[in-house]
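Structure at a glance
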Amino acid sequence: MNLKGVRVASDMQKEISDLLLREAKDQDFKTVTITHVKVTNDLSFAKIYFTALDDKNRDKIEKDLNNAIGYFRKELASRMNLRHTPELRFIYDESIEYAKKIESIIQEINEEE
């Protein structure tokens, strides 16, 4: 990702987080944390990685976020100074869950010693 892409990804993460916290009507969205944004070099596509406090609803939340993409793109277009607002895709970030799993395995090994 080039320098502009890094800046756009960072700004998108901040703006989407703000939208979810302050303007979302869906209460599930208020439990969402945007963990990372990856933007293609040509700024045409962005993957938005998120976690949620309620892991049980993660599939529903992911579906609802992706259904609201039009709203997010419209808001980003008005908040960010971009010639073209990227296509968006929300993806549940499993890296934190994976890290917890590895940590628990390491803890089990240490307890056995």
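Reference entry: report on the structure contained in this document. (Residues numbered from 1 in each chain as written. Predicted model: local features only at pLDDT ≥ 70, side-chain atom pairs only at ≥ 80, totals over all residues. Heavy atoms only, no water.)

**Quick word on helix α1 (residues 3-22)**
The following threshold applies: Numbering of helices and strands runs from the N terminus; a helix is a DSSP stretch of H or I covering at least four residues, while a strand is a stretch of E covering at least two. Each helix should span, by expectation, one fewer than its residue count multiplied by 1.5 Å. Remark: exposure states derive from per-residue accessible area (1.4 Å probe, protein chains only) relative to the maximum for the residue type, with buried under 20%, exposed over 50%, and partly exposed in between. Directions pointing from the helix axis toward each C-beta atom define the arc. Contacts: residue pairs with any heavy atoms within 4.5 Å of one another.
For α1, which comprises 20 residues, the first-to-last C-alpha distance of 29 Å matches the rise-based estimate of 28 Å (1.5 Å per residue) to within 8%. Taken residue by residue, α1 has Gly-5, Val-8, Ala-9, Met-12, Glu-15, Ile-16, Leu-19 and Leu-20 as its buried positions. The arc that holds the buried residues of α1, viewed along the axis, is 140 degrees, so those residues lie on one side. Residues of α1 that are exposed and point more than 90 degrees away from the buried face comprise Leu-3, Lys-14, Leu-21 and Arg-22. As for α1, its buried residues are in contact with β1 (32-39), β2 (45-52), α2 (58-67), α3 (69-79) and β3 (87-92).

**Points about the nonpolar core**
Nonpolar side chains in soluble globular proteins generally cluster together in the buried interior. Just so we agree on the cut-off: Nonpolar cores were defined as sets of buried Ala, Val, Leu, Ile, Met, Phe, Trp, Tyr and Cys residues, with membership established by side-chain atoms within 4.5 Å.
Ranked by size, the top nonpolar core spans 27 residues in total, and within it Met-12, Ile-34, Leu-65, Phe-72 and Phe-90 carry the most contacts. When residues of this core are traced back to their parent elements, those giving at least two are α1, β1, β2, α2, α3 and β3. Looking at which element gives the most residues to this core, the answer is α1, with six residues. Residue contacts for Met-12: discarding those within four places in its chain leaves Val-37, Val-39, Ala-46, Leu-76, Met-80, Pro-86 and Leu-88.

**A few points about the sheet that holds β2**
How we decide: Two strands qualify as a pair provided that DSSP identifies no fewer than 2 bridges between them. Here an axis means a line fitted to C-alpha atoms, over the contact stretch when the element is a helix, while the angle between two N-to-C directions is reported on a 0 to 180 degree scale.
As summarised here, the arrangement of the three strands in space is β1-β2-β3, forming an open sheet in which the pairing is mixed. Of all strands in the sheet, those bounded by a partner on one side alone are β1 and β3. Strand after strand, the sheet turns through a mean of 25 degrees between neighbouring axes, direction not considered. Bridging between β1 and β2 involves seven bridges; their strand directions are antiparallel. Pairing of His-36 across the sheet is with Tyr-49, part of β2. Against the sheet, α2 touches β1, β2 and β3, its axis set at about 175 degrees to β3.

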